[in-house]
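Results of the structural survey
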Amino acid sequence: MSEPTEQPVDVNRKYVRLVERRPDGLVEFEFSISDPTIFVEMLLPEAAYEDFCRTNRVVLLEGTRPEEEEGDFNWTLHEATHQRFR
């Protein structure tokens, strides 16, 4: 049985998953480099978001993140403010 091989980090592969276009003009999104499962949550005005995506030549990820296992520490800020702690 062979061990799984880790994919090398490719800092040129950048991903964005749109979370929400808010009524206040801000865009909430997840940004990742190399591995779309490891991301930071960001919030930018619409024009800055479009410029950010263009400048970083991101791959736009469609839909929501795949379901992850439940856990006390497995949540995003969006989830915390919209469902988890309401």
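Above: the structure in question.
What comes next is a walk through the structure. Fair warning: this is a prediction, and the values are worked out from it, not measured in the lab.

You can see V9 is positioned in the segment before β1 (14–21). Residues V9 and S34, spaced 25 residues apart in sequence, show a C-alpha to C-alpha distance of 5.7 Å.

Turning our eyes to something else, we now look at the pairing of strand β3 (residues 40–45). Looking along a regular strand, one sees side chains alternate from face to face of the sheet. Judged from the six bridges that link them, strand β2 (residues 26–33) and β3 form a sheet pairing that is antiparallel. Bridging from a neighbouring strand, E28 pairs with L43 of β3. A loop of six residues connects β2 with β3, the two strands running antiparallel in sequence, and S34 in this loop sits at a positive phi of about 75°.

For the rest of this paragraph, the subject is the packing of aromatic side chains. Applying the stated criterion to the full structure yields three aromatic pairs. Aromatic side chains F29 and F52 sit 5.5 Å apart centroid to centroid with 50° between the ring planes, which places their arrangement in the tilted category. With F29 in strand β2 and F52 in helix α1 (residues 46–56), the pair connects residues that are 23 residues apart, well separated along the chain. Following the ring pairs from residue to residue traces out a cluster consisting of F29, F31, Y49 and F52.

Now for α1. Taken together, the buried positions of α1 are Y49, F52, C53 and N56. An end-on view of α1 places all buried positions within 95° of arc, on one side of the element. In α1, the exposed positions angled more than 90 degrees off the buried face are occupied by A47, R54 and T55. Against β1, β2, β3 and β4 (59–61) lie the buried residues of α1. The positive-phi residue at the C-terminal boundary of α1 is R57, with phi of around 45°.

What counts, and where the lines are drawn
All residue numbers here refer to positions counted from 1 along the written sequence of the relevant chain. In keeping with the model being predicted, local features are shown solely for residues with a pLDDT of at least 70 and side-chain atom pairs are shown and tallied solely at 80 or more, while totals for entire chains, interfaces and linings include all residues. Only hydrogens and water are removed before side-chain values are computed, so all heavy atoms of the structure are retained for them. Under the scheme used here, helices are H or I runs from DSSP no shorter than 4 residues and strands are E runs no shorter than 2 residues, and both carry numbers assigned from the N terminus. When DSSP finds at least two bridges between two strands, those strands are taken to pair. Only centres within 6.5 Å qualify two rings of Phe, Tyr or Trp (six-membered ring in Trp) as a pair; their planes then separate them into stacked at under 30 degrees, edge-to-face at over 60, and tilted for everything else. In this scheme, a residue with accessible area under 20% of its type's maximum is buried, one over 50% is exposed, and one in between is partly exposed, where area comes from a 1.4 Å probe on protein chains only. What the arc describes is the spread of directions from the helix axis to the C-beta atoms. In this analysis, two residues are considered to be in contact whenever any of their non-hydrogen atoms come within 4.5 Å of each other.

Function-wise, these values are silent; they only describe arrangement.
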